[in-house]
Structure formats: structure tokens, C-alpha cells
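Structural characterization, general
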Amino acid sequence: MSDASYRDAIFSTPLDRVARFSFDEQVVACFPDMIRRSVPGYGQILGMLGLIAQRHLRHGAHVYDLGCSLGAASLALAGTLPPDAFRLTAVDLSPAMVARARETLAEECPGHVIEVVEGDIRTLDYRPSGMIVLNFTLQFLPREDRDAVIAGLHEALEPGGVLVLSEKVVDLDEQDNAWRVERYHDFKRANGYSDLEISQKRNALENVLVPDSLDAHHDRLARAGFSRSLTWFQYLNFASLIAFKEA
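The model shown is predicted, which means the values in this text are computed figures rather than measured ones. (Residues numbered from 1 in each chain as written. Predicted model: local features only at pLDDT ≥ 70, side-chain atom pairs only at ≥ 80, totals over all residues. Heavy atoms only, no water.)

1. Regarding the packing of helix α5 (residues 143–156) against helix α8 (residues 214–224)
Across the interface, α5 lies against α8 with an axial gap of 9 Å and an inter-helix angle of 50°. As judged from the angle between their axes, α5 and α8 are oblique. As α5 runs across α8, the sense of the crossing is right-handed. Counting all contacts with α5, which are made through R146, D147, I150, A151 and H154, the residues of α8 involved are R220, L221, R223 and A224. Class assignment for the residues of the contact of α5 with α8 results in 4 nonpolar, 1 polar and 4 charged. (Axes fitted to C-alpha atoms, helices over the stretch in contact; angles between N-to-C directions. Helix = DSSP H or I, 4+ residues; strand = E, 2+ residues; numbered from the N terminus. Parallel < 35°, antiparallel > 145°, perpendicular 65-115°, else oblique. Left-handed = near helix turned anticlockwise from the far one by under 90°. Contact = heavy atoms within 4.5 Å. Nonpolar A, V, L, I, M, F, W, Y, C, P; charged D, E, K, R; others polar.)

2. Re the pairing of strand β4 (residues 129–135)
Counting buried residues along β4, 7 of its 7 residues qualify, which places the element largely inside the surrounding structure. Here strand β1 (residues 61–66) pairs with β4 via 4 bridges, running parallel. By the bridge assignment, L66 is partnered in β4 with L134. Pairing of β4 with strand β5 (residues 157–170), which is carried by 6 bridges, proceeds in the parallel orientation. Of the residues in β5, the one forming a bridge with V133 is V164. (Buried < 20%, exposed > 50% of the residue type's maximum accessible area, 1.4 Å probe, protein only. Pairing = 2+ DSSP bridges.)

3. A word on the side chain of R146
Inspection of the secondary structure assignment puts R146 in helix α5. Only 3.1 Å separates the side chain of R146 from the backbone oxygen of Q139, close enough to count as a polar contact. Apart from residues lying up to four places away in sequence, R146 is in contact with L138, Q139, L141, V210, P211, D212 and R220. (Polar contact = N/O pair within 3.5 Å; in protein donor to acceptor, adjacent residues only side chain to side chain.)

4. Quick word on the nonpolar core
L49, L57, L77, F86 and M131 are the most contacted members of the largest nonpolar core, which totals 48 residues. Contact partners of M131, with chain neighbours within four places excluded, come to L49, I52, A53, L57, H62, V63, Y64, L77, L157, V162 and V164. With 24 residues, the next largest nonpolar core counts I132, L163, L214 and L221 among its residues. (Core = buried A, V, L, I, M, F, W, Y, C linked by side-chain atoms within 4.5 Å.)

Okay, structure coming up:
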């Protein structure tokens, strides 16, 4: 994946008008670098997926990687679990992401049964699954669609199945939230982004990426029917939750 990727410089020059952020060919070309330098803890979240699957996934069960982008979660699972341990469907709405993910997964995981499809997770016809990964995807959906998506994922999970939900989050306390945002911008500066890039990227994501609070996520999971959920990881304003369907 890294051989065909480039350094993220999309917002490095002043723009008269900052367009809404989209997962187009330009983003796909630099996506691994963009994620590495702008999502705190992303590697740690990926590294835990296989361990979570080893503990909670029924052998041979089906897995979804929803909003798969370039297939990093699928690669993480395939790197930990043998080919007969699971079957996986990776889904993304971006044709450019799907094309690159399909190529990468076929090359890196030839022995695993992995299907990459272009689709909208709001209208997907889900099959019964033992584990669903939803990494930094729900935040891009309209708020009014999120309850129905999570309810549909609960319905798709087998009894005893798990949902891993990773998101950018907001703190309900304004002062605490401001501190996290400021330290996040420090994180990006430390990873080579300029103040111009940070500002223009923030403007591009306005009303495109709309985060919820952790309380809102846990409440939504409970309403959908999950028997238990917990925040197992948080780094600044990025977090990962796991939700359990009753066995």
C-alpha cells in the first residue's frame, strides 16, 4: 500500500475557496500518510482488531469492514488470523478507495476470502456476521441516519457478536473539548502539518465530518439493543468503542 502512496500536501498552498472534503483520487493517493499524521492512535486501534477477533469471533464467521477506505482494518485482521478463521466483506462508498483496496487486499492477502464492494452502508443488505468494524465512518453520515445504521448492524450481528466503532469525538465540557482540540492541532504540527494546512483542512471538513460525544455513541448503541458497550481506547479527541450483542 505504501509504495503507491504520497505525502499529504492537499492543503499546503493557500486556496481562494476550500472545497468540501471528499474521498477522491487525490485523497486516495496520499491517504496512508494523511491517516498516519492526522489520526492519533490509528495504528494502535488497528493493532488491537486481530486480538479482539481472537477473543470474540467465532471461527469461520463473517466479518464486515465498513467504510474500509484502503482496507487497513481488513489487512490487520488478515495479518493476525489464518485464512480459515473468517470471511470478510469490505465496503466503501468511494470508487477510488474501492479500486485501490481491492488491488491491495488481493496482493497482500491472496489466501483469505475477502470481497471488496462499492456500496452505501445505509442501504446494504447485511448478512449475519460475527464481527463488524466501523472505523471513522459514522461521523461522515448525516446525524439523522446514524441510529438506523447502528440498529441495522446490531440486527446483522450473530448472538455474541461484537461491533468495533472508532470515531472522532467531542467532549460535552466546552473547556475540556477546547483543550483536546488544541492538543490535537499540536499533534498535527508535530507531524509536519502547517497552520495553513490545519486551518484549510478544518474548513473543508466543516459539516462533512460531524462528531458525536462518547455519551451519544453509548446511548445510541444501547437504543439499538447492544447489551453492553465500553470505550476501550481514547487518544485526545479520537476514540474506539466495542459493543456486545447478547449471546
